[in-house]
Amino acid sequence: MRVQSAVTAVSWIPSEAVTGIAFKVPFRVGVAHYDEPPPARLGDLAELVAADRCRFVNRLQAWIEVDDGRITAHGQSGGGQIGATTMRVGRSAMTFAAVSLPDRQDTERRGDTEVRFVQTSGGRTGVPAPRRVSHPPYVQLSAPVAWTTLSLTLRANGSSAGHLEGASPFPRHWVYDAQGELVSKSAVISYATWSTTAFGRRTPWGEEDSPAMVSAVESALERELSRQVMAGARPRIRRLAAGATLTEQGQPGEELYVLLDGVLRVEVDQEPVAEVGPGAVLGERALLEGGRRTSTLRAVTKCAVAVAGREAIDVAALRTLAEGHRREE
C-alpha cells in the first residue's frame, strides 16, 4: 500500500508589513508593491508565481510503501519556485530575476512505522538592497534571503502531518495541506530583523534556521471582513509591545480591530480563553452590544493592529462573526 501526502508554503508581503520610513517609500509611491492575500485554496502554483501573486513557494511531496504494517520504501519530491521582482517608475517597469538557492532535503526514518521528511526552499530577489548591518561586513548590498522549512511525517497507519518548522522573519508564510486548503500561517514577521540578519551564515544555507511561530487560520468570514477594512479608507495602524493591552474588559469601545501581525491573548474575567493570530477580527461585540468590551486583549508578542470604525464594514457580517465568537467562549 502506498501512502502519500504533501504540504506547501506560500510566502507573500502583506499590506503594512514593511517598517522603517526609508523602506516604506518605494511601496507608498508604487515602485514596489504589497501582495493581495493568496487564495484560501491553492490552484496552479506555477500560475500563482507567474502572476506575481506571491514571492515564492515551497512544496514538499512524499510517499511511503507499507507492507504488513511496516514501511518498506519511501521517497520525496517537490521543491521551491521563486518569482521575479518588478519595480515600476512612472510608465516604465524593470524586472529583476530572483536568485533561487538549492533546495535542502532530509529524511529521518523512525523505526518501521514512520518517516519524517524535511525540505528548505527559498532565495532572494535580484534587486540590490544596500543597508547597514551590525556585524561583518557592516554594509550589505544584495537582498536578504527568504525561506521556509517544511516537515512532512508519513505513518504506516495512513496518517500524515505537515508543519512549518522554520522560516525567514519576513515575509508572511501561509501553509496548505495536501488538498490545497489553508491550515496555518506564520504569526510574526519582522522586516527590520530580516533585512539586517538574513544573509550568510544566518540562513539554512549557512549555519542557522529561524524557528517559525505558527498560528491557526482565521475563518472565511474574518478573511472577508479583513479585506473590507484594508481595502477601504486607510485604517489607522496601532503597534503594541509584548505584554501591552489592546482592550480592557468592561471599558467602553467603538472601534473594530484587524490583527495584522503577532499573537493576541483573549482574557475573560482575567482568565485566558484563546490566542489569535494574523487575520483575526476583534472587538465586534462592543460595537454591537452596548459599547463595552467583553474581554481583555493582551499582546503575547509584538503586534500590529488595524483600527477601523463601524462604517468600514458590513454590519450584518459583523453580527454573524459575533455569534461565532460567542460560541467559541
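Residues numbered from 1 in each chain as written. Predicted model: local features only at pLDDT ≥ 70, side-chain atom pairs only at ≥ 80, totals over all residues. Heavy atoms only, no water.

A.B. asks: Looking at this structure, I do not really get the sheet that holds strand E3 (residues 70–82). What am I missing?
C.D. replies: Sheet architecture is open: six strands sit in the order E3-E2-E1-E12-E13-E14, paired in antiparallel fashion. Edge positions in the sheet fall to E3 and strand E14 (214–216), since each has one partner strand and no second. Averaged over all pairs of adjacent strands, the angle between strand axes in this sheet comes to 20°, irrespective of strand direction. Pairing between strand E1 (residues 2–12) and strand E2 (residues 56–67): ten bridges, direction antiparallel. From the neighbouring strand, Gln4 faces E2, where its bridge partner is Trp63. (Pairing = 2+ DSSP bridges. Helix = DSSP H or I, 4+ residues; strand = E, 2+ residues; numbered from the N terminus. Axes fitted to C-alpha atoms, helices over the stretch in contact; angles between N-to-C directions.)

A.B. asks: Got a minute to help me understand the nonpolar core in this structure?
C.D. replies: Across soluble globular proteins, you tend to see nonpolar side chains buried next to one another. In terms of nonpolar packing, the biggest core is built from 17 residues, with Ile64 and Phe117 touching the most fellow members. Mapped onto this core, the elements with two or more residues apiece are E1, E2, strand E7 (114–124), strand E10 (146–155) and strand E11 (160–167). Considering every element that reaches this core, the biggest residue donor is E2, with four residues. Residues Leu256, Val258, Ala308 and Ala322 belong to the second largest nonpolar core, which totals 16 residues. (Core = buried A, V, L, I, M, F, W, Y, C linked by side-chain atoms within 4.5 Å. Buried < 20%, exposed > 50% of the residue type's maximum accessible area, 1.4 Å probe, protein only.)

A.B. asks: I keep staring at the pairing of strand E22 (residues 303–308) and nothing clicks. Help me out?
C.D. replies: Within E22, six of the six residues are buried, leaving the element largely enclosed by the surrounding structure. Along E22, one buried face is formed by Cys303, Val305 and Val307 and the opposite face, lined by Ala304, Ala306 and Ala308, is buried too. Here strand E15 (residues 236–240) pairs with E22 via five bridges, running antiparallel. By the bridge assignment, Arg239 is partnered in E22 with Ala304. Bridge count for strand E17 (residues 256–261) against E22 is five bridges, and the pairing is antiparallel. Bridge pairing links Val258 to Ala306 in E22.

A.B. asks: Just checking my understanding: could you explain the layout of surface pockets for this structure?
C.D. replies: Empty pockets left among the atoms are what a rolling probe the size of a water molecule brings to light. Computed from the structure, the largest pocket encloses a volume of approximately 820 Å³. What lines the largest pocket is a set of 31 residues, and nearest its centre among them are Trp12, Ser15, Asp35, Pro37 and Met230. Breaking the lining of the largest pocket down by element, the ones donating at least two residues are helix H1 (21–28), strand E12 (172–176), helix H4 (220–231) and E17. No other element matches H4, which puts eight residues into the lining of the largest pocket. Broken down by class, the residue content of the lining of the largest pocket amounts to 14 nonpolar, four polar and 13 charged. (1 Å grid on protein atoms, 1.4 Å probe; cavity = no way out; pocket = protein on both sides within 12 Å on 5 of 7 lines; lining within 4 Å. Points joined across faces, edges and corners; volume = space filled by probe spheres on them. Nonpolar A, V, L, I, M, F, W, Y, C, P; charged D, E, K, R; others polar.)

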